[in-house]
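# Structural features, examined
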Amino acid sequence: MMLSLSSVPSLVRPAYASGQLFISPASQPSLPMGSTFDVQVNVSSMDPFDTWDITVKTNASVIIPISISVTGNIFGSATEFTNCVNGVGTGCSISDTLGDAHSGATSSSGFPRSGSGLLFTITYQVVGGGLSYLSISPDSSSNTILFQGNQVFHGTSEAVYGTPSYTIVAQPAFLLVPVDSFSISFLTLTAGPSFSGNVNVTASISPVVANGPTPLLDNLTHTGLTSVLVSLTPGGTNLATLNVTTTPSTPLQAFTVTLNATSGSLKHAIFVSVNVIPSFRLNASPTSLTILAGGSSTSSITLDSLAGFTGNVNVTATVLPPAPGLSISLKNASFTGSSVIVALSADGTNSATLNVTTTAATPAGFYGVFVTGTSGLLFRTAIVLVSVTFDFTMTHSAIAPSAFIAGGSATSTITLNSLGMIGTVTLATSVSPSAGAPSAVVGDSSSSGTSFVVNLTPGLVRTLTLTVSSTSSTAPGAYTVDVTATSGALTKSFQVSVTVSAIPTISSVTVSPTVTATVGQKVTVTVTVVNSGSVTANFTLRVKWGSVTVVEENETLGPGQTYPYRLSWDTTGSGAATNTVSAEIQQQSVWSSSGTGPSYTLAAASTPFFNTTTIAVIGAVVAAVILLSILLVLRRRRATSSA
């Protein structure tokens, strides 16, 4: 039976590894009449045991047993209490008959053995043609393995002599089925070299009791039936599945499933032993969680003891597929971590909490959290479906400056944060009122625009800049800038307000002394600046005489103020000329304003007699006269001394 995880609240696998009782070899080819051959009755993976009592049956018209030997048995030394061949020998029962080999023995030392090994060997003789199965009935009168008087659970398989038309094998042939659960045995049907056709496989269980296990069969096309058809071709193999299901009220006891494989007059029966054991139920509530990437949620995991189950259950959780930032943890009153221990008393209830946490980097999508409870080999799983949804956030800094003079600009930093989102976000800007308004664009260092597209991946943070820019022609006033980010049905927006102030102007430019001055004379230029706007103006004030800047200062003028700035112009070094006096106020390259003053003349200064040049000439003449006088005096002295 195929099971959908979404439709089954909890799953279980068989508890406890069961041993196997089997005959080796599993098949024996046909031999001439009168030939003999040996088969061994063995155990594998068996829990500790100290006694066996087993009957192997055959078709007495084909082969009959002629002896039983316990030489080389798993105990080393065994004390036989039954050695009955064809109903004759030691310890025979009333049911022993022709074709039966009945062996019973106990450990001579009294010590048990476990694991794998030989029980006894049967020698058979061929007495006829045809096919014979060597089978061990699952009922306790024919199939007993004990430890200190208690049955040791195990599966049983058979063997075949000759070439069968088809065979059926169950694996495993022993099922431990927890209450309120199911276990599966896989059925393999194999055709002989000349067999072709459909084999009808049926399943029945004994004893039949109220709330007993239900055996159902599946094949490739049908599920949940008491019988299925399996098609075989010569030498081919096909499969079916036995599913044994219990309820919370199924009695804790042993059952036998009989599987009959029939095709026309051909019929073959095998047996699957079933033992119902206590268990526990594991449920999650809720079974589905919806979490926005970056968030978290919880589900309550409840465990219930069934049929008197007592013990500790180790609860673990695994998420598939794994994803960045998606983490899970479990918590109860005593433990917190990737697993917790939940103690259950007989028919009691206990719980734990599943925490599912995501980050912004967790991709949106569907995930399965498999919560598993394990006690020994008891195994139950509940599935919590997690839907991680996506979104994005948009935040912004205060725009700065919030007010500026026409020609200026302001900026705000925009931050986009992907919450599990893979996709594009389009940011669009608008300004109102629109008449004479400043421009508003969004972008990064490479590009910008009134519409800007951003690619987002889970956990990605993008930083952009909103720039509100004006020109000298932007109308003064208050403006609202709207920024909207859209991705599919997701929309985020914000508004900022800016005030554009009028550019300060120069109302007059005057010069003192008026009209004219002499080169070298100090001149005062008065520039009257009017700031009719609402923003303090910081600017550079320049005065020019013609095209030459003669004085420059940095000034500040508050909103609504008018102020006459007086600047001194040292005309020394200026050439005599007549030019226009003008002034300009400028804030870097943001905005500027200018004003024109009067035409102004610088006259050349008059030259005094005793100027520097004259004094230099006179000095040179005097120096020459003195030098000449000295030379004449020296000449006279030479003449006198010669006389």
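Structure: above.
All of the points below concern the structure found in this document. (Residues numbered from 1 in each chain as written. Predicted model: local features only at pLDDT ≥ 70, side-chain atom pairs only at ≥ 80, totals over all residues. Heavy atoms only, no water.)

A cluster of nonpolar side chains, V622, I626 and I630, forms an exposed patch at the surface whose accessible area comes to about 260 Å². Note that I630 resides in helix 1 (residues 612-642). A residue is classified by how much of its surface remains accessible, and I630, at 45% relative accessible area, is partly exposed. (Patch = residues over 30% accessible without salt bridge, like charges linked within 9 Å, V, L, I, M, F, W, Y side chains within 5 Å. Areas by Shrake-Rupley, 256 points an atom, 1.4 Å probe, with all protein chains shown as cover. Salt bridge = Lys/Arg side-chain N within 4 Å of Asp/Glu carboxyl O. Helix = DSSP H or I, 4+ residues; strand = E, 2+ residues; numbered from the N terminus. Buried < 20%, exposed > 50% of the residue type's maximum accessible area, 1.4 Å probe, protein only.)

Let us now look at the environment of S135. Structurally, the position occupied by S135 is in the loop between strand 11 (132-134) and strand 12 (143-147). In this structure S135 touches T55, V56, K57 and E158, once residues within four positions along its chain are discounted. (Contact = heavy atoms within 4.5 Å.)

Moving on: the sheet that holds strand 23 (residues 254-263). Spatial strand order, 17-24-23-19-21: 5 strands in an open sheet with mixed pairing. This sheet does not close on itself; its edge strands, each paired only once, are strand 17 (174-178) and strand 21 (227-232). Here the average twist between neighbouring strands, direction ignored, is 30 degrees. Pairing geometry for strand 19 (residues 197-206) and strand 23, over 7 bridges, is antiparallel. Across the sheet, the residue bridging to S204 is T258, located in strand 23. (Pairing = 2+ DSSP bridges. Axes fitted to C-alpha atoms, helices over the stretch in contact; angles between N-to-C directions.)

So, on to the nonpolar core. If you look at the biggest cluster of nonpolar residues, it comprises 55 residues, and the most contacted ones within it are I414, L427, L466, V527, F539 and Y600. Broken down by element, this core gets its largest block of residues, 5 residues, from strand 48 (residues 537-545). For F539, the contacting residues outside a window of four places in its chain are V529, E553, N554, E555, T556, L557, Y565, I585, Q586 and W591. If you look at the next biggest cluster of nonpolar residues, it comprises 35 residues, including L176, L289, A293 and V315. (Core = buried A, V, L, I, M, F, W, Y, C linked by side-chain atoms within 4.5 Å.)

Right, let's talk about the side chain of S305 for a bit. Counting through the fold element by element, S305 comes out in strand 27 (residues 296-306). Here S345 takes part through its backbone oxygen, which lies 3.4 Å from a polar atom of the side chain of S305. From its side chain, S305 meets the backbone nitrogen of D347 in a polar contact 2.8 Å long. Those residues in contact with S305, other than ones at most four positions away along the chain, are S279, F280, L344, S345, A346, D347 and G348. (Polar contact = N/O pair within 3.5 Å; in protein donor to acceptor, adjacent residues only side chain to side chain.)

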